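Results of the structural survey
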Amino acid sequence: MAAKWLKNAVFYEIYPQSFKDSNGDGIGDINGIIQKLDYIKSLGCNALWINPCYDSPFKDAGYDVRDYKKVAPRYGTNEDLYRLFDEAHKKGIRVLLDLVPGHTSEEHPWFLESQKAEKNEYTDRFIWTEFCFQGTDGLPYIGGESERSACYILNFFKCQPALNYGFYRITEPWQKSFRDASALTTREAIKDVMRFWLSHGCDGFRVDMASSLVKNDDEKKSGTSEIWHDIRRMLDLEFPEAAMVSEWNDPSLALRAGFDMDFYLNEPGGGYSTLLRDYYNNGGSIHGDRNSEDHSYFKKDAGGNINRFLGQYLERYEDTKGLGYISLLTCNHDTIRPSYSLDSTELKLAYAFLFTMPGVPFLYYGDEIGMKYLEVPTKEGGYFRTGSRTPMQWDGSANLGFSTSDGSELYLPVDDSADAPTVASQENDPNSLLNTVRSIIALRHREEDLQADASLRFICSETDRPLIYCRGSLVCSVNTGSNELKTALPHDVSGRIHGEILFKIGDVSVKDGMISAGPQSFAVIR
Ligand code: NOJ
C-alpha cells in the first residue's frame, strides 16, 4: 500500500547544480531551491525529488557519495537542507532525497578502510574477490588499485565500488550469501542513512539502481526484494508517511518489493531507453539515434504509433493495480529532453496526456518551459546526459537569471540562443507551454478522476488517432495529427457524459455521442 499523500502528488525533479544559484558562485544550491518554492508551487507540483546533494568528488554528478550524511559544501549546509524541508512543508510540498544504496564513491571512508590489507570493520562492506589477479564472470571489477590483494566489484562507473549486499546464487568460494552477517551489516548501514534524513524532515527517497543490490540474483530479484521488504517494514514502523520511488524499471517487481512508485523508463527486457522517449521518439535510445528519423506519436503527422507503448504500459498497469504507482516522467537527468523532438504544441499534447494518466507523474525542471537539449561537452560523468542538465532559464537577465556570477564560472553554459525559453517570457501568456502545464496540473488537482487511483480505460479505434481514454467518469481525447477526426463514443460512455469541456488545447467539440477532435487537439470532457 502506497503512502496516502501520493494519490494527488505531482513531482518536480531538481538537478541541484543547475536550478538556482543563490550566492553567485556559478552553481545551484539549496538556498536557491528555497527561493523558488513558490514557483514550484505555482506549477501545481507538491513534491520534489532532488538529485544527490551529498558530499562527493562529483565524478558522477553526486551519484558517487563520499558522505551520506553531509550536504556537499557547494550546495550549502545540512542546516540549509533542514530549512528546505521546513519551508517546503509550510507550502504543502514534500521532499524526496536521492538514496544511492548500491555503491559509494571510491573516496568514501568505508571504502578507504575496506581496501586496506589489514582486516577491519569495513573489510566486507564492499565486494572483493580472493586475489588481486582474480576477477569474476559477469560483474565489472577493478584490480591493482588497493593495498588489499583482491579485486573489487563495481556497480556503475570505475569510481563507484559496489556495496556488499551479498549474492543470491553463489558460484565462487569468496562470494557471501545475501543473508550473511556482512551483507546484513550493509543493509543496516543504509537504514541508518535513511533514518538520519527522515528524522530531519525528509519525506522519502528516490532510490538509485534499486534492483542492483544483491548480485547473481534470480529473475524475480528475490534477494534484492527481501532487502526492500525489510526496509519497508522499518519505514512502516518508524516513518509510515515516507515514500520511495525506485529506479527499477519493472513496476511488477518493484511495487511488490515494497516501493510506492516505480519509474517507467524502459521496455521490459530492454536497455535504459526511456519508454517515454520511446513514445516521444519511437525507438530512439537515449544516446544512440538522436538524429534518426523522428516517429514520435506526439509529432504532427510523423506516423508514430502509441500502441506499442500502450501494450506494455497496460500490462504493467493491470498487474500492479492497488500495489502502488507507475511514474511517467517528462524526462530526467539521464535522458534527452522531450523538446529535442517536439515543438511547443506537440509538447503541450504530450504533457496533457502524461498529466491525465494514472499513477504519480514527474516533471523534470525546465521541461515546463520547453528547455532545449544543448550539445555541450561532458561534465561530471554526464557525457550525452550533460545536455539535459544545463541551468534553469528564469528570465532575460544575465545567465538567464540562474546566477549572478560573471559567467566565467558557471557550472554549465546557459542556452545562449535568441529564442531560449524562460519562465518570465511565458509567464504572462495564457497559452504558453508553462501556463498550459499549470492548467492541466491544476485540473488534475481539482478532479479526483484524473488523479493516481481513478480507473483507466482506453477506447480503441482501429487507428490510434484520436486516442480516447476514460479516467473515472471523465473522457480525454488526444489528436496529434493535422486533420480533424470524428469518433463515435461507445454507448456506455456517451450515455453518461454531459459534454462539458473542462480543459482543451485546439478545437474539440462533443455532440450526440460524437467527439470532433480538431487538428493537434486535446480535451478533458465531463
Ligand atoms: C542512475 C542515475 O540516474 C544516474 O545518473 C547515475 O549515473 C547512475 N544511476 C549511477 O548511480
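For the structure itself, consult the block above.
To keep things clear, this report deals only with the structure shown in the data block. (Residues numbered from 1 in each chain as written. Predicted model: local features only at pLDDT ≥ 70, side-chain atom pairs only at ≥ 80, totals over all residues. Heavy atoms only, no water.)

This next bit is on the overall build of the protein. From N to C terminus, the protein includes 13 helices and 20 strands. For 526 residues, the compact-globule formula gives about 24 Å, and the C-alpha radius of gyration of the protein, at 24 Å, lands near that figure. The buried share of the protein, taken over its 526 residues, is 63%. Surface exposure of the protein reaches about 19,400 Å², of which carbon and sulfur atoms provide 49%. Side-chain charges of the protein comprise 56 positive and 77 negative groups, with the mean position of each set lying 3 Å from the other. (Helix = DSSP H or I, 4+ residues; strand = E, 2+ residues; numbered from the N terminus. Rg over C-alpha atoms; globule rule 2.2 N^0.38 Å. Buried < 20%, exposed > 50% of the residue type's maximum accessible area, 1.4 Å probe, protein only. Areas by Shrake-Rupley, 256 points an atom, 1.4 Å probe, with all protein chains shown as cover. Lys, Arg positive; Asp, Glu negative; His and termini not counted. Charge placed at Lys NZ, Arg CZ, Asp CG, Glu CD.)

Here strand β2 (residues 47-50) shows two buried faces, one formed by Ala 47 and Trp 49 and the other by Leu 48 and Ile 50. With four bridges connecting them, β2 and strand β5 (residues 94-99) associate as parallel partners. Bridge pairing in β5 places Ile 50 opposite Leu 97. (Pairing = 2+ DSSP bridges.)

A word on the layout of surface pockets. Of the volumes computed, that of the second largest pocket is approximately 270 Å³. Lining the second largest pocket are 19 residues, with Gly 322, Gly 324, Tyr 325, Ala 452 and Asp 453 sitting closest to its centre. Looking at the lining of the second largest pocket, the elements that each hand over two or more residues are α9 (307-320) and β11 (325-327). Looking at which element gives the most residues to the lining of the second largest pocket, the answer is α9, with three residues. Partitioned by chemical class, the residues of the lining of the second largest pocket number eleven nonpolar, four polar and four charged. (1 Å grid on protein atoms, 1.4 Å probe; cavity = no way out; pocket = protein on both sides within 12 Å on 5 of 7 lines; lining within 4 Å. Points joined across faces, edges and corners; volume = space filled by probe spheres on them. Nonpolar A, V, L, I, M, F, W, Y, C, P; charged D, E, K, R; others polar.)

This part covers the packing of aromatic side chains. Inspection of the entire model under this criterion finds 38 aromatic pairs. Both rings, one in Trp 49 and one in Phe 362, keep their centres 6.1 Å apart while their planes meet at 70°; by these two values the pair is edge-to-face. Placement of the pair is Trp 49 in strand β2 and Phe 362 in strand β12 (residues 362-364), with a sequence separation of 313 residues. Accessibility expressed as a relative area gives 1% for Trp 49, which makes it buried. Between Trp 128 and Tyr 152 the ring centres are 5.3 Å apart and the planes differ by 65°, which places this aromatic pair in the edge-to-face class. On the criterion of sequence distance, the pair formed by Trp 128 in the loop between α4 (109-114) and β6 (141-142) and Tyr 152 in strand β7 (residues 152-153) is long-range, its members being 24 residues apart. (Phe/Tyr/Trp six-rings, centres within 6.5 Å; stacked < 30°, edge-to-face > 60°.)

Pairing is antiparallel across the open sheet formed by five strands, whose spatial order is β13-β14-β15-β20-β17. With one partner strand each, in any of the chains shown, β13 (456-459) and β17 (501-505) form the two edges of the open sheet. Ignoring strand direction, the axes of neighbouring strands in this sheet form an average angle of 15°. With five bridges joining them, strand β15 (residues 474-479) and strand β20 (residues 521-525) adopt antiparallel strand pairing. (Axes fitted to C-alpha atoms, helices over the stretch in contact; angles between N-to-C directions.)

Glancing now at the side chain of Ser 405. Checked against the element boundaries, Ser 405 lands in the loop between β12 and α11 (423-427). Given the relative accessible area of 5%, Ser 405 is considered buried. Beyond its immediate chain neighbours, meaning those up to four positions away, Ser 405 contacts Gly 24, Asp 25, Gly 26, Asn 399 and Leu 410. (Contact = heavy atoms within 4.5 Å.)

Take the site of the ligand next. Close to the ligand lie Asp 60, Tyr 63, His 103, Phe 156, Arg 206, Asp 208, Met 209, Glu 247, His 333, Asp 334, Arg 385 and Arg 389, which account for all nearby residues. A distance of 2.6 Å separates an oxygen atom of the ligand from a polar side-chain atom of Asp 60. Within the side chain of Arg 385, an N or O atom sits 3.0 Å from an oxygen atom of the ligand. Of the residues belonging to the shell around the ligand, the class tally is three nonpolar, two polar and seven charged. (Near = heavy atom within 4 Å. Polar contact = N/O pair within 3.5 Å; in protein donor to acceptor, adjacent residues only side chain to side chain.)

Think of an α-helix as 3.6 residues a turn; residues three or four steps apart then line up on the same face. The first and last C-alpha atoms of helix α6 (residues 222-238) sit 24 Å apart over 17 residues, in line with the 24 Å expected at 1.5 Å per residue. All of the buried residues along α6 are Gly 223, Thr 224, Ser 225, Ile 227, Trp 228, Asp 230, Ile 231, Arg 232, Met 234 and Leu 235. (Expected span 1.5 Å × (residues − 1).)

Per the counting criterion, the structure on display carries 39 salt bridges. For Lys 176, the salt bridge is made with Asp 124, and the minimal N-O distance between the two is 3.8 Å. Linking Lys 176 in the loop between β7 and α5 (181-199) with Asp 124 in the loop between α4 and β6, this pair joins segments that are 52 residues apart in sequence. Owing to a relative accessible area of 28%, Lys 176 belongs among the partly exposed residues under this scheme. Here Lys 191 ties to Asp 230 by a salt bridge, and the two come within 3.1 Å at their closest N and O atoms. Of this pair, Lys 191 sits in helix α5 while Asp 230 is found in helix α6, placing the two residues 39 residues apart along the sequence. (Salt bridge = Lys/Arg side-chain N within 4 Å of Asp/Glu carboxyl O.)

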